[in-house]
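Per-entry structural report
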Amino acid sequence: MSEFHFSDGQLQVEDVPLRAIAGEFSTPTFVYSKAAIVTAYENYQNAFSEHEHLICYAVKANSNLGILSLLASMGSGFDIVSGGELHRVIKAGGEPGKVVFSGVGKQPWEIQFALESDIACFNLESDSELQLLNEIAIKLGKVAAISVRVNPDVDAKTHPYTATGLKENKFGVSAKQAMAIYRRAQQLPNIKIEGIDYHIGSQITDLSPLIDSLTHILELVDELEAIDISLSHIDVGGGIGIIYNDEQPIDIDDYASSILQTLGGRRQRLLFEPGRFIVGNAGILLTRVITIKQNDHKKFVVVDAAMNDLIRPALYQSWQQIENVEQSDEPTDFYDVVGPVCESADFLARNRKLFVREDDLLAIFSCGAYGSVMSSNYNSRNRAAELIVSGADVHCVRKRETIADQIRLESVLGSD
Ligand code: LLP
């Protein structure tokens, strides 16, 4: 049974009806299922059980301390892209020794903080980053473990904003440049060559670009081996895509067997940086209908969640499933589901056949990844609350913001 299911006509998360949650915590609220996160994490773990590996959960997908602490308790590593994310991992009880640091623009303070925390590996993006890392490592008397992010120039066949492995993208370096970086790194006593990494994009539902890029990376691994640079890990980047609508996602076991087969007899430890796969389908956004508006040509359901809570539909034209929280009649009419924000881009769904009345509760599915983390205070709206449900228990892992929280760092001109 899915962690989100109907019981007595009520949509529940695990054992808790969403109507009760709305009553206690109000709306809009992100609600996550602990069991769904645990299951997704274990599915990844089990699929690769026959090969030494480490899952480094991509913190950017959902950096709530409640979620990070749950993953840390299961032994997960973490993929970070900022000093702020490293602070969160440490606060949540994550082991810095299982952290890899990705990203194209690591700043000196972030590098210093990561070195002082003894993270596992810096995923380098350029030669100048190697120089900077080396200088800071010398200053601190540390040895920095590195990997070079290679851009395999493979089309991930995903939304252009979430594709990262084409040569026109800002990420990674060519195989030739990578070779030069490894050779230089070999000469630096405060640098230890550890691995290689790549990431061609997110929400990938086609196996072939993932395998093509690994094949390309392995050629480089072998070339490096030939000049006595042996790597201890291969980091294959983010996780496989999930179901939002009618996608045919890659089966995790097929993914694992294809990756392991392509790897051949090579013994390098594998690193994975899944974000969406672990939390994407483990969360919903609970919202209430404010009003139903009928214009000349169109009907709108105006809800209390908006693009500031969930920007994916506006930014990537993403499709997210919407369900009534209380079982309703058959859908009758087509509506755009919109929020109160003053932008025509403020929509959560378009042309959706629904049965809705004012004050109804709706659940927007697949909001666990890239939902709350991409939210903002646009239109001075308070950020939504976040809850983790486990069985019949509800843990509030982020309180709803107040207007006092929003203006705390600001001042009226002349009062400073
Ligand atoms: N590793 C690196 C280096 C990444 O850049 C990303 C995602 C991941 C791992 C995690 O990928 P995942 O397993 O979640 O697919 N905001 C967009 C997604 C942006 C993804 C950015 N990088 C969305 O809402 O679809």
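Residues numbered from 1 in each chain as written. Predicted model: local features only at pLDDT ≥ 70, side-chain atom pairs only at ≥ 80, totals over all residues. Heavy atoms only, no water.

Here's the deal with the overall build of the protein
Note the threshold: The helix count covers DSSP runs of H or I at least four residues long, the strand count covers runs of E at least two residues long, and both are numbered beginning at the N terminus. C-alpha atoms define the radius of gyration in this analysis, and the globule rule sets the expected value at 2.2 Å times the number of residues to the power 0.38. Think of it in three bands: with a 1.4 Å probe and only protein chains considered, a residue is buried below 20% of the maximum accessible area for its type, exposed above 50%, and partly exposed in between. For this analysis, residues touch if any pair of their heavy atoms sits within 4.5 Å.
Helix and strand content of the protein: 12 helices and 20 strands. Over its C-alpha atoms the protein spans a radius of gyration of 23 Å, differing by no more than 12% from the 22 Å that the globule rule assigns to 416 residues. In terms of its C-alpha atoms, the protein occupies a principal-axis envelope of roughly 70 × 60 × 40 Å. A burial count over the protein gives 54% of its 416 residues as buried. For the protein, contacts bridging at least 24 residues in sequence account for 70% of all contacts bridging at least 6.

Looking at the site of the ligand
As a reminder of what qualifies: Here a residue is considered near a molecule or strand provided that any single heavy atom belonging to it is located within 4 Å of it. Any pair of nitrogen or oxygen atoms within 3.5 Å is treated as a polar contact; in protein, a donor-acceptor pairing is required on top of that, and neighbouring residues in sequence qualify only through side-chain atoms on both sides. In short, Shrake-Rupley with a 1.4 Å probe defines the accessible areas, and a residue's cover is counted only from the protein chains shown. Lining residues are defined by having an atom within 4 Å of a point belonging to a cavity or pocket. Those points lie on a 1 Å grid over the protein atoms alone, cavities being sets where a 1.4 Å probe fits but cannot get out and pockets being open sets with protein on both sides within 12 Å along at least five of seven lines. Just a note on the criterion: a molecule sits in a pocket or cavity if more than half of its atoms are within 2 Å of the grid points. Throughout, the ten residues Ala, Val, Leu, Ile, Met, Phe, Trp, Tyr, Cys and Pro are labelled nonpolar, Asp, Glu, Lys and Arg are labelled charged, and all others, Gly among them, are labelled polar. Domain start and stop points were drawn from an automatic or database domain assignment.
Near the ligand there are 18 residues, and of these Ser 202, Glu 273, Arg 312, Tyr 316 and Tyr 370 occur at the shortest range. Note that an oxygen atom of the ligand is positioned 2.8 Å from one of the backbone N or O atoms of Gly 275. Protein contacts shield 91% of the accessible area of the ligand, which totals 590 Å² for the unbound molecule. Assessed atom by atom at 2 Å from the grid points, the ligand resides in the largest pocket. For the shell around the ligand, a count of residues per class yields 5 nonpolar, 7 polar and 6 charged. Taken domain by domain, the shell around the ligand gets at least three of its residues from each of domain 1 (4-32 + 280-407) and domain 2 (34-276).

A look at the sheet that holds strand 12 (residues 269-273)
Test applied: By definition, two strands form a pair when at least two bridges between them are found by DSSP. Only the contacting stretch of a helix is used when fitting its axis, a line to C-alpha atoms as for every element, and angles between N-to-C directions run 0 to 180 degrees.
Ordered in space as 5-6-7-8-9-10-11-12, the 8 strands form a closed barrel in which the pairing is parallel. Along the sheet, successive strands turn relative to each other by an average axial angle of 30 degrees, direction set aside. Note: strand 10 (residues 191-197) against strand 11 (residues 233-238), 3 bridges, orientation parallel. Looking across to strand 11, one finds that Gly 195 is bridged to His 233. Contacts between helix 2 (residues 34-47) and the sheet are confined to strand 5 (53-58), strand 11 and strand 12, with strand 5 contributing the most and set at about 150 degrees to the helix. Those strands touched by helix 7 (residues 175-186) are strand 9 (144-149) and strand 10, and its axis lies near 160 degrees from that of strand 10.

Considering the domain arrangement of the protein
The extent of an interface is frequently quoted as the accessible surface area lost upon association of the parts. Stated precisely, the cut-off is as follows: Buried area is a sum: the accessible area each of two parts loses on coming together, probed at 1.4 Å, counted once for each and added. Any Lys or Arg side-chain nitrogen located within 4 Å of an Asp or Glu carboxyl oxygen qualifies as a salt bridge.
When its domains are assigned, the protein resolves into domain 1 (4-32 + 280-407) and domain 2 (34-276). Facing the 24 residues of domain 1 at the interface are 21 residues of domain 2. Of all residues in domain 1, Tyr 316, Trp 319 and Tyr 370 give up the largest surface area on contact with domain 2, accounting jointly for 28% of the area buried on that side. The tally of links from domain 1 across to domain 2 stands at 0 salt bridges. On the surface where domain 1 and domain 2 come into contact, there are 10 residue pairs in polar contact (both at pLDDT 80 or more). Elements represented by at least two residues in the side of domain 1 that touches domain 2 include exactly helix 11 (312-316), strand 19 (385-390) and strand 20 (393-398). Sorting elements by how many residues they give to the side of domain 1 that touches domain 2 places strand 19 first, with 4 residues. Within the side of domain 1 that touches domain 2, the residues separate by chemical class into 11 nonpolar, 9 polar and 4 charged.

Structural notes on the pairing of strand 11
Defined as follows: Handedness of a crossover is defined as follows: orient the strands so they point away from the viewer, and if the path from the first strand over the helix to the second runs clockwise, the crossover is right-handed.
Counting buried positions along strand 11 yields 6 of 6 residues, so the element is predominantly enclosed. Strand direction decides the pairing type here: strand 11 and strand 12, joined by 4 bridges, are parallel. Counterpart to Ile 234 in the pairing with strand 12 is Leu 270. As for the winding sense of the linkage, the β-α-β connection from strand 11 through helix 9 (residues 252-263) to strand 12 is right-handed.

Some details on the sheet that holds strand 1 (residues 4-7)
Strand pairing in a sheet takes place through backbone hydrogen bonds and is either antiparallel or parallel in direction. Spatially, 1-2-3 is the arrangement adopted by the 3 strands of the open sheet, whose pairing is antiparallel. Sheet topology places strand 1 and strand 3 (16-17) at the edges, where each strand pairs with a single neighbour. Summarising the sheet, strand 2 (residues 10-13) and strand 3 pair through 2 bridges and their orientation is antiparallel. Of the residues in strand 3, the one forming a bridge with Val 13 is Val 16.

Let's talk about the environment of Gly 97
Mapped onto the elements of the fold, Gly 97 is located in the loop between helix 4 (83-91) and strand 7 (99-101). A relative accessible area of 46% means that Gly 97 is categorised as partly exposed. Residues Gly 97 and Ile 284, 187 residues apart in the sequence, show an inter-C-alpha distance of 32 Å. Residue contacts for Gly 97: discarding those within four places in its chain leaves Asp 118 and Ala 120.

Comments concerning the nonpolar core
Here is the rule: Put simply, a nonpolar core is a bunch of buried Ala, Val, Leu, Ile, Met, Phe, Trp, Tyr and Cys residues held in one set by side-chain atoms that sit within 4.5 Å of each other.
Tyr 44, Phe 48, Tyr 57, Phe 122, Ile 234 and Tyr 255 are the most contacted members of the largest nonpolar core, which totals 104 residues. The biggest single contributor to this core is helix 8 (residues 207-226), with 8 residues. Of the domains in this structure, domain 1 (4-32 + 280-407) and domain 2 (34-276) are the two that each give at least three residues to this core. When near neighbours in sequence (up to four residues on either side) are disregarded, Tyr 255 contacts Tyr 44, Phe 48, Leu 207, Leu 210, Val 236, Gly 238, Ile 240, Ile 250 and Phe 272. Counting 16 residues, the second largest nonpolar core, distinct from the first, contains Ile 21, Val 31, Leu 286 and Ala 363.

Re the layout of surface pockets
The following threshold applies: Grid points are joined across faces, edges and corners, and a volume is the space filled by probe spheres set on the points.
Its volume calculated, the largest pocket comes out at about 730 Å³. Around the largest pocket, the lining is made up of 37 residues, and of these Lys 60, Thr 164, Phe 171, His 199 and Tyr 370 lie nearest the centre. Breaking the lining of the largest pocket down by element, the ones donating at least two residues are strand 11, helix 10 (276-279) and helix 11. A per-class count over the lining of the largest pocket returns 13 nonpolar, 14 polar and 10 charged. Summarising the domain contributions, the lining of the largest pocket has at least three residues from each of domain 1 (4-32 + 280-407) and domain 2 (34-276). Lining the second largest pocket are 25 residues; nearest its centre among them are Glu 3, Ala 36, Ile 243, Asn 281 and Ala 282. Broken down by element, the residue count for the lining of the second largest pocket peaks at 4 residues, all from helix 2.

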